[in-house]
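The lines below spell out each chain.
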Amino acid sequence: MPIEVRPVAHGEFFPWHAVYTGYAEFYETPLNDEKAVLVWSWIIDDANEVECLVAVDGDDVVGLAHFRAFARPLAGSRGLYIDDLFVVPERRGQGIATALIEAVAAIGRQRGASVVRWITAKDNETARSLYKTVAEKTHWVTYDKAL
């Protein structure tokens, strides 16, 4: 059965949570119930900017992409930003991450966005080897100021 990429359904909290937990573990970031419920509430709230696509094989959620729109003032356009992209380890290398990225890109084209953007960890060589085949690495350096 081919992989289907589609918006996550309201009743898919637990399948989504299982994959998102894997993402959090990959980045060694604790995902407690409170945080998971908060993120889920954003995803299912049409008034919130966070959206979620899932990659599904039959009844199994095997990947996800959280994304949101952002303004690009200097470009005079809008873009889509992928905050989280994850495929369960046993399903990697099957084109699922590419399918998720391309699905976000298709949404961006429909909405008139000019770019899809994301970041990854510098040492995530597996992901970076894929990303260089589907997008252009920028020269920008990212900074965070904790509040």
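Above this text you will find the structure in question.
In short, a report on the structure. (Residues numbered from 1 in each chain as written. Predicted model: local features only at pLDDT ≥ 70, side-chain atom pairs only at ≥ 80, totals over all residues. Heavy atoms only, no water.)

1. Quick look at the packing of helix α1 (residues 13–26) against helix α2 (residues 33–44)
Part 1: Between α1 and α2, the shortest axis-to-axis distance is 11 Å and the interhelical angle comes to 120 degrees. Judged on the interaxial angle alone, α2 and α1 are oblique. The interaxial crossing formed by α1 with α2 has right-handed handedness. Along its contact with α1, which presents Phe13, Trp16, His17 and Tyr20, the element α2 presents Asp33, Ala36, Val37, Val39, Trp40 and Ile43. (Axes fitted to C-alpha atoms, helices over the stretch in contact; angles between N-to-C directions. Helix = DSSP H or I, 4+ residues; strand = E, 2+ residues; numbered from the N terminus. Parallel < 35°, antiparallel > 145°, perpendicular 65-115°, else oblique. Left-handed = near helix turned anticlockwise from the far one by under 90°. Contact = heavy atoms within 4.5 Å.)

2. Section: helix α3 (residues 96–111)
Part 1: Here α3 contains 16 residues, and its C-alpha end-to-end distance of 23 Å stays within 8% of the 22 Å for a straight helix at 1.5 Å per residue.
Part 2: Elements that come into contact with the buried residues of α3 comprise β1 (4–7), β2 (51–57), β3 (60–72), β4 (77–87), β5 (115–118) and α4 (125–134). (Expected span 1.5 Å × (residues − 1).)

3. Let's talk about the pattern of salt bridges
Part 1: Scanning the model with the defined rule gives six salt bridges in all.
Part 2: Here Arg91 ties to Asp57 by a salt bridge, and the two come within 2.8 Å at their closest N and O atoms. Here the residue Arg91 occupies a position in the loop between β4 and α3, and Asp57 occupies one in strand β2, the gap between them amounting to 34 residues.
Part 3: Of the residues examined, Arg91 reaches a relative accessible area of 18% and is grouped as buried.
Part 4: Across the pair Asp83 and Arg68 runs a salt bridge, and its minimum N-O distance is 2.7 Å. You can see Asp83 sitting in strand β4 and its partner Arg68 sitting in strand β3, a full 15 residues away along the chain.
Part 5: With relative accessibility at 28%, the residue Asp83 sits in the partly exposed group.
Part 6: With a relative accessible area of 25%, Arg68 lands in the partly exposed category. (Salt bridge = Lys/Arg side-chain N within 4 Å of Asp/Glu carboxyl O. Buried < 20%, exposed > 50% of the residue type's maximum accessible area, 1.4 Å probe, protein only.)

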